[in-house]
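Read off the chains here:
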Amino acid sequence: MQFTTEQTNPCTLVVSIDVEAEQVSRTFESVYREFSRFVSVPGFRPGKPPRALMEKYVNQARLQERVREKLVSEVGQKALEEQEIEPFRAPTLDAGEVTDKQPFSFKITVPLEPQVALGAYTGIQVERPLFPVTDEMVAERIERIQADRARVERITDRPVQAEDILVAEVAVEVEGEVVSPKRRQLLNLATSSSAVSEAVVGMNIDDEKTFDVVLDENFTQEEHRGKTGTYTVKVASISAKKLPEIDDAFAKELGYDSVDAFKEEIKSSIETESIRYSDQVAEQRIIQNILENSTINFPYALVREEMEDAYRQLAAELKRMNVGYEIWLQANGYTADSHREELEQVSQMRVATILALHNIATTENFQVSDEAIDAEFSNLLKQGRISEEQ
């Protein structure tokens, strides 16, 4: 066995290993004996068939995979031990095919422990931004609460308007083929395709209308998205949301003594959020200052772990919302590549921040109470980042 080591960055080693043909042959022989206990060869008891016959009955792909696994495990571990290399995370493997009686070469990329050289982290001064609460912000928050408590009422004395809710018979054709047969369904014009919503505005109950629209990303049949669809819509009923009056009765339904007390509580809540956001911005500026004045190196394995965790959280959230990843990407202006690039940058910053703060906590001998640990575990459980078993 021969090996060379290259340090590609302060926290990553690449170990290139060459295994002689003789050792490869010995490993093949060992794996054949191992497989002989499980492979059925006519006329021979388990573990007794000669290799020449075994070669005809054994799964060669699985055998070669096992040979490679043994060589990498035994030889790779020996190379790491000889150089006293202690991986910080599991090494990754770059290996090709292994052939009997031929030399075998592979590479192991070894993540090493992060290195943190902190700069000054005390006496840092940053600007803490202020976000004053305006009457418009209070009014907007109240409007959202008002909309959440709106009632849906049947309309009989006017045509369809934007943001109405319709019950209608809808059929869709694409290039003369019926892709959605006529059926009664609910059309919420506030969330439906804008082209469909615009086309039905002005219709009355029992009116029927045929029109063409380009099927957007919300159309249920993905293969027809981007094509021109011919809709036939017959309105069965019209409904609209009716907002409640903002008065004392409305406030009391929400648990307040009066509408003035309700508005004052809303303003106080927004002020609390504003203060919290100001603190967060100031904290981020302090952290950015610390990072800029420190030297922090870490293996990419930590970034990959952060990215995998973020993908898991996103997958859980999209499953809860019943939204596909591709739809989410389009709605947020991403491609899969651009989302990954942004996530990688965010993960790198997060890893650097965690390492810096951990180093400060160790230096200053900060202690965390059991209650705080339990609270954080509860928070992670609620976010879906850990399971009950973990």
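The structure presented is a predicted model; accordingly, all values stated were derived computationally and were not measured.

Q: Explain the packing of aromatic side chains here, please?
A: For any two aromatic rings, the description comes down to two numbers: the centre-to-centre distance and the angle of the planes. In total, this model carries seven aromatic pairs according to the counting rule given. Between Phe 131 and Tyr 277, the ring centres sit 4.9 Å apart and the planes meet at 50°, which makes this aromatic pair tilted. Of the two residues, Phe 131 is situated in the loop between strand S5 (115-117) and helix H4 (135-148) and Tyr 277 in helix H7 (residues 259-292); the sequence distance between them amounts to 146 residues. Of the residues examined, Phe 131 reaches a relative accessible area of 34% and is grouped as partly exposed. With a centroid separation of 5.4 Å and 50° between ring planes, the pair formed by Tyr 256 and Phe 262 is classed as tilted. Members of the aromatic cluster, each reached through a chain of ring pairs, are Phe 250, Tyr 256 and Phe 262.

Q: I keep staring at unusual backbone geometry and nothing clicks. Help me out?
A: Among all residues save glycine, negative phi is the norm, and among peptide bonds the norm is trans. Even without a glycine there, the phi angle at Lys 101 is positive, about 65°. Despite not being glycine, Asp 206 shows a phi value in the positive range, around 80°. Summarising the element assignment, Asp 206 is placed in the loop between helix H5 (194-200) and strand S9 (208-214).

Q: Can you walk me through a negative patch on the surface in this structure?
A: Taken together, the side chains of Glu 245, Asp 247, Asp 248, Asp 260, Glu 264, Glu 265 and Glu 271 make up a negatively charged region of the molecular surface. With four residues, the single largest contributor to the negative patch is H7. Here Asp 247 is to be found in the loop between strand S10 (228-242) and helix H6 (248-253). Since its relative accessible area comes to 31%, Asp 247 is described here as partly exposed.

Q: I keep staring at helix H1 (residues 21-36) and nothing clicks. Help me out?
A: Taking 1.5 Å per residue as the helical rise, H1 with its 16 residues ought to reach 22 Å, and the 22 Å between its terminal C-alpha atoms agrees with that figure. Those residues of H1 lying buried are Ala 21, Gln 23, Val 24, Thr 27, Phe 28, Val 31, Tyr 32, Glu 34, Phe 35 and Ser 36. On its buried face, H1 is in contact with strand S2 (12-19), helix H2 (51-57), helix H3 (60-82) and strand S4 (104-111).

Cut-offs used in this document
Residues numbered from 1 in each chain as written. Predicted model: local features only at pLDDT ≥ 70, side-chain atom pairs only at ≥ 80, totals over all residues. Heavy atoms only, no water. Phe/Tyr/Trp six-rings, centres within 6.5 Å; stacked < 30°, edge-to-face > 60°. Helix = DSSP H or I, 4+ residues; strand = E, 2+ residues; numbered from the N terminus. Buried < 20%, exposed > 50% of the residue type's maximum accessible area, 1.4 Å probe, protein only. Patch = residues over 30% accessible without salt bridge, like charges linked within 9 Å, V, L, I, M, F, W, Y side chains within 5 Å. Areas by Shrake-Rupley, 256 points an atom, 1.4 Å probe, with all protein chains shown as cover. Salt bridge = Lys/Arg side-chain N within 4 Å of Asp/Glu carboxyl O. Lys, Arg positive; Asp, Glu negative; His and termini not counted. Charge placed at Lys NZ, Arg CZ, Asp CG, Glu CD. Expected span 1.5 Å × (residues − 1). Contact = heavy atoms within 4.5 Å.

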